[in-house]
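Chains, contacts and geometry: an overview
If you want the building blocks of each chain, they are given just below.
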Amino acid sequence: MAGDIRSLFLNGTVGSGKTTTAEALHRILIDDGISSAVVDLDQLRRAWPAPPNDRFNQELVLRNLQAVAGNYRHAGVGRIIVAGVIEHAADVERYRQSLGGRELSLVRLKPTIGTVQKRLRHRHEAGSPDLSWHQDRSVELEGILDKVRLDTHVVELWLRVGVPSPVRDGCSILIMLLVRALTPAGTVL
């Protein structure tokens with residue numbers, strides 16, 4: 001199984017729905033009997049203080065990801081879904097290596113910045129420094145990701161929980177396309 005491992009990296013600005021989409025993909029893979037795991041990079045960077053020259057604890061994230069991915073491979077997991085941000089071209093290979101050096105598909109979730117800002121307002125307290133920081137960072141990061149264009153695929157649709165069935169069905173089709181990036185060639189879904 002270790003030689004067949006595939007990873008999908010959901011890239012996007014803060015508030016773009018990476019974690020929500022990763023969890024939805026994971027549920028679909030489970031339903032299809034495909035071994036999988038989800039890694040939220042925000043959880044792997046949670047240490048304070050960050051080094052002065054590494055404000056987002058990137059080096060810690062990569063070391064933690066390597067360890068976690070190795071543990072998942074050892075447990076027989078065949079698909080790893082990563083929710084995070086890659087801002088620099090050189091980091092794509094570093095993430096691929098941390099995930100075991102095997103196949104890595106990079107998919108950017110790109111809802112409108114208005115949708116992102118709305119999500120952030122629901123996530124953080126009005127007028128709080130956290131809300132202000134995340135709103136500013138979402139615009140900054142969106143610009144960076146637009147410029148570097150690292151992704152294999154860009155998805156300009158946002159998955160919302162509790163939406164009417166036709167919209168949810170459209171999101172399900174999108175998720176199935178992402179799942180195809182994680183399934184062996186020739187598999188019928």
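Look up: the structure comes first, before these words.
Not measured: the values here are computed from a predicted model.

This part is about the packing of aromatic side chains. Tallied over the entire structure, the rule returns 2 aromatic pairs. An angle of 70° between the planes, with centres 5.3 Å apart, marks the rings of phenylalanine 9 and tyrosine 95 as edge-to-face. In this pair, phenylalanine 9 sits in strand β1 (residues 6-11) while tyrosine 95 sits in helix α4 (residues 89-98), placing the two residues 86 residues apart along the sequence. We classify tyrosine 95 as buried; its relative accessible area is 0%.

This brings us to the sheet that holds β1. Here 5 strands make up an open sheet; going across it, the order is β2-β3-β1-β4-β5 and the pairing parallel. A strand with exactly one partner marks an edge of an open sheet, and here the two such strands are β2 (36-40) and β5 (153-155). Taking the axes of each pair of neighbouring strands and ignoring which way they run, one obtains an average angle of 20° across the sheet. Relative to strand β3 (residues 79-84), β1 runs parallel, the two being bridged by 6 bridges. Following the sheet pairing, asparagine 11 is matched in β3 by glycine 84. Lying over the sheet, helix α3 (residues 58-74) contacts β2 and β3, oriented at roughly 165° with respect to β2.

Time to look at the packing of helix α5 (residues 113-123) against helix α6 (residues 129-148). Two elements in contact, α5 and α6, have axes separated by 10 Å at closest approach and are oriented at 160°. Between α5 and α6, the crossing angle belongs to the class labelled roughly antiparallel. Relative to α6, α5 is oriented so that their crossing is right-handed. Within the contact between the two elements, α5 uses Ile113, Val116, Gln117, Leu120 and Arg121 and α6 uses Leu131, His134, Gln135, Ser138, Val139 and Glu142. Of the residues assigned to the contact of α5 with α6, the class counts are 5 nonpolar, 4 polar and 2 charged.

Here the focus is the layout of surface pockets. Within this model, the largest pocket holds a volume of roughly 940 Å³. Lining the largest pocket are 34 residues, with Val14, Asp42, Arg45, Phe56 and Trp133 sitting closest to its centre. Secondary structure elements with two or more residues in the lining of the largest pocket: α1 (18-31), β3, α4, α5 and α6. The greatest single-element share of the lining of the largest pocket, amounting to 5 residues, is contributed by α6. Along the lines of polarity and charge, the residues of the lining of the largest pocket split into 10 nonpolar, 11 polar and 13 charged.

Rules used in this analysis
Residues numbered from 1 in each chain as written. Predicted model: local features only at pLDDT ≥ 70, side-chain atom pairs only at ≥ 80, totals over all residues. Heavy atoms only, no water. Phe/Tyr/Trp six-rings, centres within 6.5 Å; stacked < 30°, edge-to-face > 60°. Helix = DSSP H or I, 4+ residues; strand = E, 2+ residues; numbered from the N terminus. Buried < 20%, exposed > 50% of the residue type's maximum accessible area, 1.4 Å probe, protein only. Pairing = 2+ DSSP bridges. Axes fitted to C-alpha atoms, helices over the stretch in contact; angles between N-to-C directions. Contact = heavy atoms within 4.5 Å. Parallel < 35°, antiparallel > 145°, perpendicular 65-115°, else oblique. Left-handed = near helix turned anticlockwise from the far one by under 90°. Nonpolar A, V, L, I, M, F, W, Y, C, P; charged D, E, K, R; others polar. 1 Å grid on protein atoms, 1.4 Å probe; cavity = no way out; pocket = protein on both sides within 12 Å on 5 of 7 lines; lining within 4 Å. Points joined across faces, edges and corners; volume = space filled by probe spheres on them.

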